[in-house]
Amino acid sequence: MTLYEIKELLDAEVIIGENQLDMDVKTAFVADLMSDVLAFATAGSLLITGLTNPQVVRTADVLDIAAIIMGRGKRPSQETFQLAEELNIPLLTTKYILFEIAGRLYSKNIRGCIEKVGSK
Amino acid sequence: MDEKPLYDGSFSVVGGNFDNAGEVSSSIKTILKKIGLPSDIIRKAALVAYESEINIVSYARKGMIRLRVSPECIMIEAIDEGQGIPDIDLAMQPGWSTANQKIREMGFGAGMGLCNIKSFSDIFNISSEVGKGTHLKMIIKTNSNSLQ
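Position numbers for residues count from 1 along each chain, tracking the sequence in the order it is written. Here the convention is simple: chains get letters from A, ligands get numbers from 1, in the order in which they are written. Reporting of local features is limited, given that this is a predicted model, to residues whose pLDDT is at least 70; pairs of side-chain atoms are given and counted only at 80 or more, and all residues count toward the totals for whole chains, interfaces and linings.

Trainee: Any chance you could break down the interface of chain B and chain A for me, citing the residues and the numbers?
Mentor: It is common to report an interface's size as the accessible area lost on association of the parts. Whether two residues are in contact is decided by their C-beta atoms, placed from the backbone, lying within 7 Å. Taken together, the contact pairs 19 residues of chain B with 19 residues of chain A. Elements supplying a minimum of two residues to the side of chain B that touches chain A: α1 (23-35), α2 (39-59) and α5 (113-120) of chain B. At six residues, the largest contribution of residues to the side of chain B that touches chain A is made by α2 of chain B. Polar here means any residue other than Ala, Val, Leu, Ile, Met, Phe, Trp, Tyr, Cys and Pro, which are nonpolar, and Asp, Glu, Lys and Arg, which are charged; Gly is therefore polar. Taken together, the residues of the side of chain B that touches chain A sort by class into eight nonpolar, seven polar and four charged. Strands are runs of DSSP state E lasting at least 2 residues, helices are runs of H or I lasting at least 4, and numbering of each runs from the N terminus.

Shown next as structure tokens:
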């Protein structure tokens, strides 16, 4: 699924990365706990979160995350916006809650980057 | 590690400076990319550096992260001046944490940091002295046999 299709599906606003919407994504990870993202998320996945601080972008950068989706209508802080711009990491925001984001993506064949812990 | 390293340098980290936490790890990632290491190795090293950096920012007065790259491995050391860890076995347990609210708001402090560092390193050493500080030393092998 392309980032453009994901944007349409989630009625999302693209905050950073308008020029990267043709990127193809197959997997995702949902968490508000960055330590768990670091432990389990895989390169090229979407990071779906309700956190908005710059550490979300740092974590995405460290892991080569494809794009960040902020749910529940959360928007990045100014520092977060600047860092995402600097590191060129696509950042989208949507009013859907995280459960809805995950469900909608799953119905379009996006899968968890791991299914269960201990299975990597 | 006896031959001339591909890179050897240190970065200082200021305790309590959450706004810039992760800058050192981003620099380390850039350096490793320039050296031309495989992306999964870079990812492991960046993750280990980042969790170490978050630990220094969260718990120490100040510290430094040293990066040394040889043809065989990446060595990352995180040395801080801070409160130290009274019980290392306890600190290594997943979920055990002394984090304050500020750390938790950043998405950290869930007691996963040291576990993550250990699980993404090929060799992990930790020593600590209460009231003085903590020293982490991690080695990530860069040869293809260490690929997951």
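Following the structure, the description resumes.
Trainee: Report on the nonpolar core, specifying residues and quantitative values.
Mentor: Any nonpolar core is a set of buried residues, restricted to Ala, Val, Leu, Ile, Met, Phe, Trp, Tyr and Cys, that join up through C-beta atoms within 7 Å. The exposure scheme places C-beta atoms from the backbone and then counts, for each residue, the other C-beta atoms within 10 Å of its own, assigning buried at 20 or more, exposed at 12 or fewer, and partly exposed in between. Core analysis: the biggest nonpolar cluster contains 74 residues, and Ile68 and Ile69 of chain A together with Ala45 of chain B have the highest contact counts within it. Looking at this core element by element, the count peaks at twelve residues for α2 of chain B.

Trainee: Give a description of α2 of chain B that names residues and reports values.
Mentor: The terminal C-alpha atoms of α2 of chain B lie 30 Å apart, and with 21 residues this matches the ideal 30 Å at 1.5 Å per residue to within 8%. Most of α2 of chain B sits out of view: 18 of its 21 residues are buried. To estimate how far a helix should extend, the number of its residues minus one is multiplied by 1.5 Å.

Trainee: Give a description of the sheet that holds strand β4 (residues 123-129) of chain B that names residues and reports values.
Mentor: Residue and element names in this part refer to chain B. Paired strands, in this sense, are two strands between which DSSP finds at least two bridges. Ordered in space as β1-β2-β3-β5-β4, the five strands form an open sheet in which the pairing is antiparallel. Looking along the sheet, the strands with just one partner apiece sit at the ends: β1 (7-14) and β4. On average, adjacent strands in this sheet sit at an angle of 10° to one another, irrespective of strand direction. Here strand β2 (residues 60-69) runs beside strand β3 (residues 73-82); their pairing, made up of nine bridges, is antiparallel. Bridging from a neighbouring strand, leucine 67 pairs with isoleucine 76 of β3. Every angle, taken between N-to-C directions, lies between 0 and 180 degrees, and every axis is a line fitted to C-alpha atoms, over only the stretch in contact when it is a helix. Packing against the sheet, α1 makes contact with β1 and β2, and its axis sits at approximately 165° to β1. Sheet strands in contact with α2 are β1, β2, β3 and β5 (133-141), and its direction is about 5° off that of β3.

Trainee: Got a sec to walk through the environment of valine 117 of chain A? Specific residues and values, please.
Mentor: Following the sequence through the fold, valine 117 of chain A ends up in the segment after β6 (111-112). Judged by the 9 C-beta atoms lying within 10 Å of it, valine 117 of chain A falls in the exposed class.

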